[in-house]
Amino acid sequence: MKGHTTRARHPRSSAGSHQLWGGRFAGGPHPALVAVNRSIDVDLRLWPFDVQLSKAWASTLVPARVLTAREAGRIRRGLDRVGRRIAAGVRILPADEDVHTLIDRLLHEEAGAVASRLHTGRSRNDQVATASRLYTMHAIDSTIGKMGALMRTCLDRAETLTGALMPAYTHLQRAQPVTAAHWLLAHFWALTRDVERLRAARRAAGVMPLGSGAVAGSAFRANRRRLARDLGFHSISPNSIDAVGDRDFMLETLFALATLAVHASRLAEDLILFGSSEFGFVRFGDAFSTGSSMMPQKRNPDALELARAFPGRVTGSLMALLMVLKGTPSGYNKDFQEDKRPLFDALDAAALLLPAITGTVRTLRFDRQRMRSAVSSAMMATDLADQMVRRRASFREAHAAVGSLVRQAEETGTDLSGLDPAAFAKAHPALGINARRELDPERSVRQREIEGGTGPLAVRRQLTEAMRMLDKL
Ligand code: ARG
């Protein structure tokens, strides 16, 4: 038969091949199968964790009477040498199917025949789940570290902006004056929630599947709790079928990263707008601006634009993994090999973008003059109405009276502060002689010392709270 002859041309024992399976087949796999099955290009980066869990597994095989203490020692030292060889850039052979196969092949070279005893009572199914979890925990720690740097930078910059006024926007229309520190802190708090979500995802990853074997649990009594402690997991999986088929921790990580990406894109968009000539609130530092190949005057915020695009990549990864997992039958399925690409891509994107955003924020120059002059007196219309309410007018009446003033100002091509003082008293009796001082933006922010408001003292307290939060991170 055709299929048979094709197989026969690719014998399994071909030189350089070190397969972990294949004994039950007459011939070797077709090159098309080898190509589609191979995952080493993606999963090689799991090697430090596969080495780590393999060393721990070797130790548990001693009390399980599979290895003598000396054999386990030989395997552990061999694995250390394997790790050094991979770190130094070992040559990957075409037959190295995945990172687990590579490490097994190299261990045979380093430790000899005893290496064949390591893969007892375990499967690549519990192995890859364990290594992916260790990787995720490690990568989340590093992501949080980079977020900490961005958050610290936001606080440093906010400190210097407590006295600077700017418009706050709703619908991207000038709404009310705020301190620039208050605006920047808004982005800070969103990031604190992302850190919390990443922490929760890390905790979801911290459940150890090792000892689940292929699906039914290892037939050799490994002390899983001790193994978990040694590897840095907080607990062990309660069900081996679930353990080899559970990728929820990846979904949670991707969702946390997607939300982080959305927040980063919003900060980026604020800054891109504020850096345009039309706003002119900020200027991007030289080290974080790019030029145009044609227009010599350009100063482009590329890092921020890439940050704005970041959710595309990351939510794409989240969707990809959800679709990989949906409808898979219980236990391990090869579908799951497609879990790592989206996970790694999202983590890589975060690792690249966070330092670039941090650098952009660190080197921004704020133009307080421009920010202050964008605060037009119409933005204090609410303050005017509030003042009338203090004089016993209802807010509804006040809103209507101030609205009529705004319309008059618009019609005469001036701002509220440019209106004739008499117009105020005419609009409503509660708009007395002092009404116009409500149009002072400094006064407006001082009215908002409520907790969480933009009053200068409230913002000071907010900054202190934010510092405390960051120190706890
Ligand atoms: N490379 C595989 C993965 O990433 C490892 C597990 C393979 N297990 C198996 N039974 N073929 O999922």
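It should be emphasised that the depicted structure is a prediction, and the values quoted were computed from it without experimental measurement.

Conventions used here
Residues numbered from 1 in each chain as written. Predicted model: local features only at pLDDT ≥ 70, side-chain atom pairs only at ≥ 80, totals over all residues. Heavy atoms only, no water. 1 Å grid on protein atoms, 1.4 Å probe; cavity = no way out; pocket = protein on both sides within 12 Å on 5 of 7 lines; lining within 4 Å. Points joined across faces, edges and corners; volume = space filled by probe spheres on them. Helix = DSSP H or I, 4+ residues; strand = E, 2+ residues; numbered from the N terminus. Near = heavy atom within 4 Å. Polar contact = N/O pair within 3.5 Å; in protein donor to acceptor, adjacent residues only side chain to side chain. Areas by Shrake-Rupley, 256 points an atom, 1.4 Å probe, with all protein chains shown as cover. Buried < 20%, exposed > 50% of the residue type's maximum accessible area, 1.4 Å probe, protein only. Contact = heavy atoms within 4.5 Å. Axes fitted to C-alpha atoms, helices over the stretch in contact; angles between N-to-C directions. Parallel < 35°, antiparallel > 145°, perpendicular 65-115°, else oblique. Left-handed = near helix turned anticlockwise from the far one by under 90°. Nonpolar A, V, L, I, M, F, W, Y, C, P; charged D, E, K, R; others polar.

Novice: Whenever I open this one, the layout of surface pockets confuses me. Can you help?
Specialist: The rolling of a water-molecule-sized probe over the atoms marks out the regions of remaining empty space. Here the largest pocket is characterised by a volume of approximately 580 Å³. Together, 24 residues line the largest pocket, and Y169, W183, H187, R266 and D270 are the ones closest to its centre. Breaking the lining of the largest pocket down by element, the ones donating at least two residues are strand 1 (165–170), strand 2 (173–179), helix 8 (180–205) and helix 11 (248–275). At eight residues, the largest contribution of residues to the lining of the largest pocket is made by helix 11.

Novice: Would you mind showing me how to read the site of the ligand here?
Specialist: Taken together, S39, D43, D98, H100, R124, N125, V128, Y332, Q337 and K340 form the complete shell of residues around the ligand. Contact distances for the ligand include 3.0 Å between a nitrogen atom and a side-chain N or O atom of D98. The side chain of K340 places a nitrogen or oxygen atom 2.5 Å from an oxygen atom of the ligand. Considering the ligand on its own, with 350 Å² of exposed area, one finds that the protein chains cover 85% of that surface.

Novice: Sorry, what's going on with the side chain of S237 here?
Specialist: Positionally, S237 belongs in the loop between strand 4 (235–236) and helix 10 (240–245). Look at S237 and you get buried, because its relative accessible area is 8%. Side chain to side chain, S237 and R224 meet in a polar contact 2.9 Å long. Non-local contacts of S237, meaning those with residues more than four positions away in its chain, are made with V207, M208, P209, S212, R224 and A243.

Novice: Which parts of the structure should I look at to understand the packing of helix 4 (residues 47–60) against helix 7 (residues 124–159)?
Specialist: The description of two helices packed together rests on the angle between their axes and the distance between the axes. With their axes 9 Å apart at the nearest point, helix 4 and helix 7 run at an angle of 120 degrees to one another. In this view, helix 4 runs oblique relative to helix 7, as classed from their interaxial angle. When you trace helix 4 past helix 7, the crossing you get is right-handed. Along its contact with helix 4, which presents F49, D50, Q52, L53 and S54, the element helix 7 presents Q127, T130, A131, L134, Y135 and H138. Taken together, the residues of the contact of helix 4 with helix 7 break down into five nonpolar, five polar and one charged.

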